[in-house]
Amino acid sequence: MGPKRGGEEIPPPNRRRNDLFVRAARREAVERVPVWYMRQAGRYDPLYHALKGERDLLTASRDVETAVRITLLPVDRLGVDAAILYADILTPIAGAGFDVRFIEGKGPVIDPPVRGDEDVARLRAFAPERVSFVGEILSALRDAPVPVIGFAGAPFTVASYLLEGGATREFRRTKAAYLSAPAFWHELLEALVDLTVDYLTYQARSGADVLMLFDSWVGALSPWDYEQYVLPYVRRLFQGLRRENPGHVLVYYPGVSSGELLPLLSDLSVDVLGVDWRVPLSEAAVRTRGRFVLQGNYDPSWLLAPENLLEAYAERVLEEGEQTPGHIFNVGHGLFPEVDLGKLKHLTDFVRTTSAARRRAQAKGGSP
Ligand SMILES: Cc1c2[nH]c(c1CCC(=O)O)Cc1[nH]c(c(CCC(=O)O)c1C)Cc1[nH]c(c(CCC(=O)O)c1C)Cc1[nH]c(c(C)c1CCC(=O)O)C2
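Position numbers for residues count from 1 along each chain, tracking the sequence in the order it is written. A pLDDT threshold of at least 70 governs which residues receive local features in this predicted model, and a stricter bar of 80 or more applies before side-chain atom pairs are shown or counted, although totals over entire chains, interfaces and linings include all residues. For the side-chain quantities, the full set of heavy atoms in the structure was used; hydrogens and water were omitted.

- Looking at an unreviewed UniProt entry, one finds the chain named Uroporphyrinogen decarboxylase and attributed to Brockia lithotrophica.
- Here is the UniProt Subcellular location (unreviewed entry) comment for the chain, exactly as written: "Cytoplasm".
- UniProt positions are given in the numbering used here, feature names are shortened, and annotations may be inferred rather than shown by experiment. The chain has a UniProt comment under Pathway (unreviewed entry) that states "Porphyrin-containing compound metabolism; protoporphyrin-IX biosynthesis; coproporphyrinogen-III from 5-aminolevulinate: step 4/4."

Structure follows, in structure tokens:
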């Protein structure tokens, strides 16, 4: 029998054939830099579209067999060192009974959006069993060759979809909520923190090795607002996750244009911090006082460059990564559908072989 927590049996950890990602996240010695990509599910890959068919994302991800195959697709096609659950940050929001739709070219739409306390009550009534397909997908991935990343949206980023009803550039309703209805904002973010701790803990118990929190849009805030209206919830969320899942790797991605927020994050209880491409990794390490392994931060648009240039950029990112406490290669924000599968495979191979050669040269004491 495994250990118990809260009266519930905790399954033993998974054994992966390739555990490079987890070792790098724990700052153990690695023979090369692990690599995976945000939004790697495969919109650049015709096989992804064939597996998904005419279904929308939420419908396709409820089909456990399809979701498992899509989760593993980039592992097979690209040779990445981690797989990420095929779901969305709005999966639990749909599970809580909100009408969430993905509209081609527009992104997610929530209609009607959140307006009052009854919506907060709906979030409070969510239990992970309402999205039991997520648990089934992760259980089916216990034999996967690489670590599996479970994830959720962070309270601010999810609140912005809930309040705006969809994507926005200005975040006016979201900012109005914390500025002019702080009690409501507090109730909403508290509800999202609790929901997210439960949901990610459920993912860990179901088989996820890594728990990642996407806060893609916090870069829209000033450091003052972030510190006052968002950071306390992020902090509490990670404290809860650490308490419930002490053996799991925790990752925070503060998203696009978050460079000015980095100094505020250095005391967060996480192992890995995702960085966008606007800040060099060496500088991100200074801003976070060397507290984290850094993940990133290749501009996905560099994949539009010819292969020699695309390699030069990758080498630059690898060099920067060597000036941090540890590096996991990734894009600074998600891959987009126009990315060429062949070029992405080329980049992946390049990162694998180049970082291995650099490590070997360093071990011999020479310069790479
Ligand atoms: C902000 C955000 C969302 N979703 C997510 C974030 C955080 C990361 C980020 O900043 O990119 C996270 C996400 N969404 C999806 C995954 C799983 C697999 C993967 O990373 O490849 C993950 C980790 C599937 C998805 N989620 C979505 C798709 C594309 C639509 C589809 O294939 O049906 C996928 C594969 C749709 C989605 N979902 C969301 C948007 C803005 C969009 C549409 C925009 C776009 O097209 O790029 C919300």
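Now that the structure is up, let's keep going.
Observations regarding the overall build of the chain
Consideration 1: Looking only at helices and strands, one finds 14 helices and 11 strands in the chain.
Consideration 2: What you see for the chain is a C-alpha radius of gyration of 20 Å, in line with the 21 Å of a compact globule of 368 residues.
Consideration 3: With respect to the principal axes defined by its C-alpha atoms, the chain has extents near 60 × 45 × 45 Å.
Consideration 4: Counting only residues that meet the buried cut, the chain has 57% of its 368 residues in that class.
Consideration 5: The long-range fraction of contacts in the chain, counting pairs at least 24 apart against all pairs at least 6 apart in sequence, stands at 73%.
Consideration 6: Calculation of accessible area relied on Shrake-Rupley with a 1.4 Å probe; when residues are assessed, cover is drawn exclusively from the protein chains displayed. Working note: accessible area of the chain is about 15,600 Å², and carbon and sulfur atoms make up 50% of it.
Consideration 7: A positive count includes Lys and Arg, and a negative count includes Asp and Glu. His and the chain ends are not counted in either. Note that the charge is assigned to NZ on lysines, CZ on arginines, CG on aspartates and CD on glutamates. Taking the 44 positively charged and 48 negatively charged side chains of the chain as two groups, their mean positions are separated by 3 Å. By the criteria applied, helices consist of DSSP H or I runs no shorter than four residues and strands consist of E runs no shorter than two, each listed in order from the N terminus. The quantity called the radius of gyration is restricted to C-alpha atoms. Its globule counterpart is 2.2 Å times the number of residues to the power 0.38. Exposure is judged per residue with a 1.4 Å probe applied to protein chains only, and the accessible area is read against the type maximum: over 50% gives exposed, under 20% gives buried, and values in between give partly exposed. Any two residues whose heavy atoms approach within 4.5 Å at even a single point are treated as in contact.

Quick notes on the nonpolar core
Consideration 1: What we call a nonpolar core is a set of buried Ala, Val, Leu, Ile, Met, Phe, Trp, Tyr and Cys residues that are connected through their side-chain atoms within 4.5 Å. Counting residues in hydrophobic clusters, the biggest one holds 129 residues, and the most contacted among them are Tyr 226, Tyr 252 and Phe 329.
Consideration 2: A per-element tally of this core places helix 10 (residues 182-206) first, with 12 residues.
Consideration 3: The residues contacting Tyr 226, other than those within four sequence positions of it, are Val 218, Leu 221, Leu 231, Pro 232, Val 234, Tyr 252, Leu 261, Leu 264 and Leu 265.

Side note on the UniProt feature "site: Transition state stabilizer" (unreviewed entry) in the chain
Consideration 1: Per the UniProt entry, the sites bearing "site: Transition state stabilizer" (unreviewed entry) are Asp 88 in this numbering.
Consideration 2: Structurally, Asp 88 can be placed in the loop between strand 3 (83-84) and helix 5 (91-95).
Consideration 3: When neighbours within four sequence positions are excluded, Asp 88 is seen to be in contact with Leu 57, Phe 102 and Phe 151.
Consideration 4: In the analysis that follows, any N or O atom pair within 3.5 Å is treated as a polar contact, provided that within protein one partner can donate a hydrogen and the other can accept it, and provided that, for residues neighboring in sequence, both atoms belong to side chains. A distance of 3.0 Å separates a polar side-chain atom of Asp 88 from the backbone nitrogen of Leu 90.

Things to note about the site of the ligand
Consideration 1: Near, as used in this document, describes a residue that has one of its heavy atoms within 4 Å of the molecule or strand being considered. Near the ligand you find 21 residues, and of these Arg 39, Ala 41, Tyr 48, Lys 52 and Ser 216 are the closest.
Consideration 2: At 2.6 Å, a backbone N or O of Ala 41 approaches an oxygen atom of the ligand.
Consideration 3: Within the complex, the protein chains bury 87% of what would otherwise be the 860 Å² of accessible surface of the ligand.
Consideration 4: A cavity here means a set of points on a 1 Å grid, drawn over the protein atoms and nothing else, where a 1.4 Å probe fits but cannot get out; a pocket is an open set with protein on both sides within 12 Å along at least five of seven lines, and a residue lines either one if it has an atom within 4 Å of a point. A pocket or cavity is taken to hold a molecule when more than half of that molecule's atoms are within 2 Å of the pocket's grid points. Taken atom by atom, the bulk of the ligand overlaps the largest pocket.
Consideration 5: At the level of elements, helix 2 (46-52) and strand 5 (107-110) are the ones that each hand at least two residues to the shell around the ligand.
Consideration 6: Residues are grouped as follows: Ala, Val, Leu, Ile, Met, Phe, Trp, Tyr, Cys and Pro are nonpolar; Asp, Glu, Lys and Arg are charged; all remaining types, including Gly, are polar. In the shell around the ligand, the residues fall into 13 nonpolar, four polar and four charged.

Thoughts on the UniProt feature "domain: Uroporphyrinogen decarboxylase (URO-D)" (unreviewed entry) in the chain
Consideration 1: As recorded in UniProt, the feature "domain: Uroporphyrinogen decarboxylase (URO-D)" (unreviewed entry) lies at residues 34-43 and 149-165.
Consideration 2: Along residues 34-43 the backbone is 0% helical and 0% strand, and the end-to-end C-alpha distance reaches 22 Å.
Consideration 3: Secondary structure content for residues 149-165 is 59% helix and 29% strand, while the C-alpha to C-alpha distance between its ends is 27 Å.

Quick look at the pattern of salt bridges
Pairing is possible between side chains that carry opposite charge, provided their charged atoms lie close to one another.
Consideration 1: The rule for a salt bridge is simple: a side-chain nitrogen of Lys or Arg has to be within 4 Å of a carboxyl oxygen of Asp or Glu. Under the defined criterion, the tally for this structure stands at 21 salt bridges.
Consideration 2: Through salt bridges with shared partners, a single ionic network connects Arg 124, Glu 190, Asp 194 and Arg 236.

Regarding the layout of surface pockets
Consideration 1: Grid points are joined across faces, edges and corners, and a volume is the space filled by probe spheres set on the points. The volume enclosed by the largest pocket comes to roughly 1,600 Å³.
Consideration 2: Along the walls of the largest pocket sit 50 residues, with Arg 39, Arg 43, Asp 88, Gly 107 and Pro 108 positioned nearest its centre.
Consideration 3: Every element with two or more residues in the lining of the largest pocket is listed here: helix 2, strand 4 (100-103), strand 5 and helix 8 (155-164).
Consideration 4: Of the residues contributing to the lining of the largest pocket, the split by class is 26 nonpolar, 16 polar and eight charged.
Consideration 5: Reported here for the second largest pocket is a volume of approximately 490 Å³.

Notes on the sheet that holds strand 6 (residues 148-153)
Consideration 1: One open sheet accounts for seven strands, arranged 3-6-7-8-9-10-11; its pairing is parallel. Of all the strands in the sheet, just strand 3 and strand 11 (327-331) have a single pairing partner and so form its edges.
Consideration 2: Strands qualify as paired when DSSP identifies two bridges or more between them. Strand direction decides the pairing type here: strand 8 (residues 249-253) and strand 9 (residues 272-274), joined by two bridges, are parallel. Following the sheet pairing, Tyr 252 is matched in strand 9 by Leu 273.
Consideration 3: Note on geometry: axes are C-alpha line fits, over the in-contact stretch for helices, and angles between N-to-C directions span 0 to 180 degrees. Sheet contacts for helix 11 (residues 223-244): strand 7 (210-214) and strand 8; angle to strand 8, the most-contacted strand, approximately 165 degrees.

Description of empty space enclosed by the protein
Consideration 1: Evaluated as defined, the whole model comprises one cavity of 30 Å³ or more.
Consideration 2: Estimates place the volume of the largest cavity at around 50 Å³.
Consideration 3: Looking at the largest cavity, the residues that line it are Ile 89, Pro 92, Ile 93, Ala 152, Gly 153, Val 158, Leu 192, Leu 195, Thr 196 and Tyr 199.
Consideration 4: Here the lining of the largest cavity takes four residues from helix 10, the largest share from any one element.
Consideration 5: The class makeup of the residues in the lining of the largest cavity is eight nonpolar, two polar and no charged.

Some details on helix 11
Consideration 1: Over its 22 residues, helix 11 extends 29 Å from the first C-alpha to the last, a length consistent with the 32 Å expected when each residue adds 1.5 Å.
Consideration 2: Of all the bends in helix 11, the largest measures some 50 degrees and sits at Val 230, one to four residues before the proline Pro 232.
Consideration 3: Among the residues of helix 11, Tyr 226, Tyr 229, Val 230, Leu 231, Tyr 233, Val 234, Leu 237, Phe 238, Gly 240 and Leu 241 are the ones counted as buried.
Consideration 4: Buried residues along helix 11 sit against helix 8, helix 9 (172-180), helix 10, strand 7 and strand 8. Multiplying 1.5 Å by the residue count of a helix minus one yields the expected span of that helix. Note that the bend at a residue is defined as the angle between axes fitted to the seven residues ending at it and the seven residues starting at it.

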